[in-house]
Amino acid sequence: MKLRVVLGYTAAGATVLVAVLTPFLLFPLFSKGVAALPLHVDEVYSGGPTVRAISMGAYSIDVHRPVYPHFLQSEKPFVQLDWNPVSALPQHVSDEVDIDGDGQPDIRVCFEVPRDPKPPLRVDVVSLNPRYQTMQNAGKEKFSRLIVRVDNAILVRVPLANP
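Residues numbered from 1 in each chain as written. Predicted model: local features only at pLDDT ≥ 70, side-chain atom pairs only at ≥ 80, totals over all residues. Heavy atoms only, no water.

Caption draft 1: Expanded view of the sheet that holds strand 1 (residues 50-55). Read from one edge to the other, the open sheet built from 6 strands follows the order 1-2-3-10-9-8, with strand pairing classed as antiparallel. In this open sheet, the two strands that pair with only one neighbour each are strand 1 and strand 8 (140-142). In this sheet, adjacent strand axes meet at a mean angle of 25 degrees when their direction is disregarded. Alignment of strand 1 against strand 2 (residues 60-64), held across 5 bridges, turns out to be antiparallel. In the strand pairing of strand 2, R52 is matched with V63. (Pairing = 2+ DSSP bridges. Helix = DSSP H or I, 4+ residues; strand = E, 2+ residues; numbered from the N terminus. Axes fitted to C-alpha atoms, helices over the stretch in contact; angles between N-to-C directions.)

As structure tokens, this is what we get:
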């Protein structure tokens, strides 16, 4: 009878020990399994992959591939441009940008760069190519039409006129 009690408590203690250690032992397996899944952030949120960078001296403009939202997404197609680093930008940015790489400017972008990162940003975009929409005093209205400061870059999204 005493042997049964000792074996019972030993089994119970081993079960508790296994239950406590299991998450620590299996976590690396779970994290490797999740990392191997083909998951990615949707381009409506990430802005799409960068296709080229335009050097503007002290700063550069990263041009992203145009984003065309999926069937159930309500956003309009857009192209994202990133001005970086913010510390190298002048107080007033006014750049003509060749988005499609044909050597001709497609849009003129103007915005103020406050040194304090908290105030909301506003942007004016003048379309020089009928493929892109003109925007006046745009802020953070939609994913497809915005200007935001993220880390050390200012992102501007310009909607496509007729996709």
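Next comes the rest of the account.
Caption draft 2: Looking closely at helix 1 (residues 2-35). If you check helix 1, its first and last C-alpha atoms are 50 Å apart, about what 34 residues at 1.5 Å a residue would give, namely 50 Å. Considering bend angle alone, the principal kink of helix 1 is centred on L21 and spans about 40 degrees; proline P23 follows within four residues of it. In terms of burial, helix 1 is largely open, as just 0 of its 34 residues are buried. (Expected span 1.5 Å × (residues − 1). Bend = angle between axes of the 7 residues up to and from the residue. Buried < 20%, exposed > 50% of the residue type's maximum accessible area, 1.4 Å probe, protein only.)

Caption draft 3: Highlighting the nonpolar core. The biggest cluster of nonpolar side chains holds 27 residues, and the ones touching the most others in it are W83, V97, I107, F111, V123 and I154. Those elements that place two or more of their residues in this core are strand 2, strand 3 (78-84), strand 4 (92-97), strand 5 (107-112), strand 6 (123-127), strand 7 (135-138) and strand 10 (153-159). (Core = buried A, V, L, I, M, F, W, Y, C linked by side-chain atoms within 4.5 Å.)

Caption draft 4: Looking closely at the sheet that holds strand 5. Reading across from one edge, 4-5-6-7 is the order of the 4 strands in this open sheet, with antiparallel pairing throughout. Two strands in the sheet have a free side with no partner beyond their single neighbour: strand 4 and strand 7. Pairs of neighbouring strands in the sheet enclose a mean axial angle of 10 degrees, with direction left out of account. In this sheet, strand 7 lies alongside strand 6 in antiparallel orientation, the contact comprising 2 bridges. By the bridge assignment for strand 7, V123 is matched with A138.

Caption draft 5: How the structure looks around the packing of aromatic side chains. Taken as a whole and assessed by the stated rule, the structure comprises 1 aromatic pair. Seen in terms of ring centroids, W83 and F111 are 5.3 Å apart; in terms of plane orientation they differ by 85 degrees. Their pairing is edge-to-face. Within this pair, whereas W83 is found in strand 3, its partner F111 is found in strand 5, the two being separated by 28 residues in sequence. Under the relative-accessibility criterion, F111 is labelled buried at 2%. (Phe/Tyr/Trp six-rings, centres within 6.5 Å; stacked < 30°, edge-to-face > 60°.)

Caption draft 6: Up close: the side chain of D106. With respect to the helices and strands, D106 occurs in the loop between strand 4 and strand 5. One buried charged residue, D106, forms no salt bridge at all, with the nearest opposite charge on R52 at 5.9 Å. Among the polar contacts listed, one links the side chain of D106 to the backbone nitrogen of D100, at a separation of 3.1 Å. A polar side-chain atom of D106 sits 2.9 Å from a polar atom in the side chain of N129. (Lys, Arg positive; Asp, Glu negative; His and termini not counted. Salt bridge = Lys/Arg side-chain N within 4 Å of Asp/Glu carboxyl O. Polar contact = N/O pair within 3.5 Å; in protein donor to acceptor, adjacent residues only side chain to side chain.)

Caption draft 7: Quick peek at the pattern of salt bridges. Applying the stated criterion across every chain yields a total of 3 salt bridges. With a closest N to O distance of 2.4 Å, E43 and R65 form a salt bridge. You can see E43 sitting in helix 2 (residues 43-46) and its partner R65 sitting in the loop between strand 2 and strand 3, a full 22 residues away along the chain. Judged by relative accessible area, E43 falls into the partly exposed class, the value being 24%. Residue classification places R65 among the partly exposed residues on the basis of a relative accessible area of 37%.

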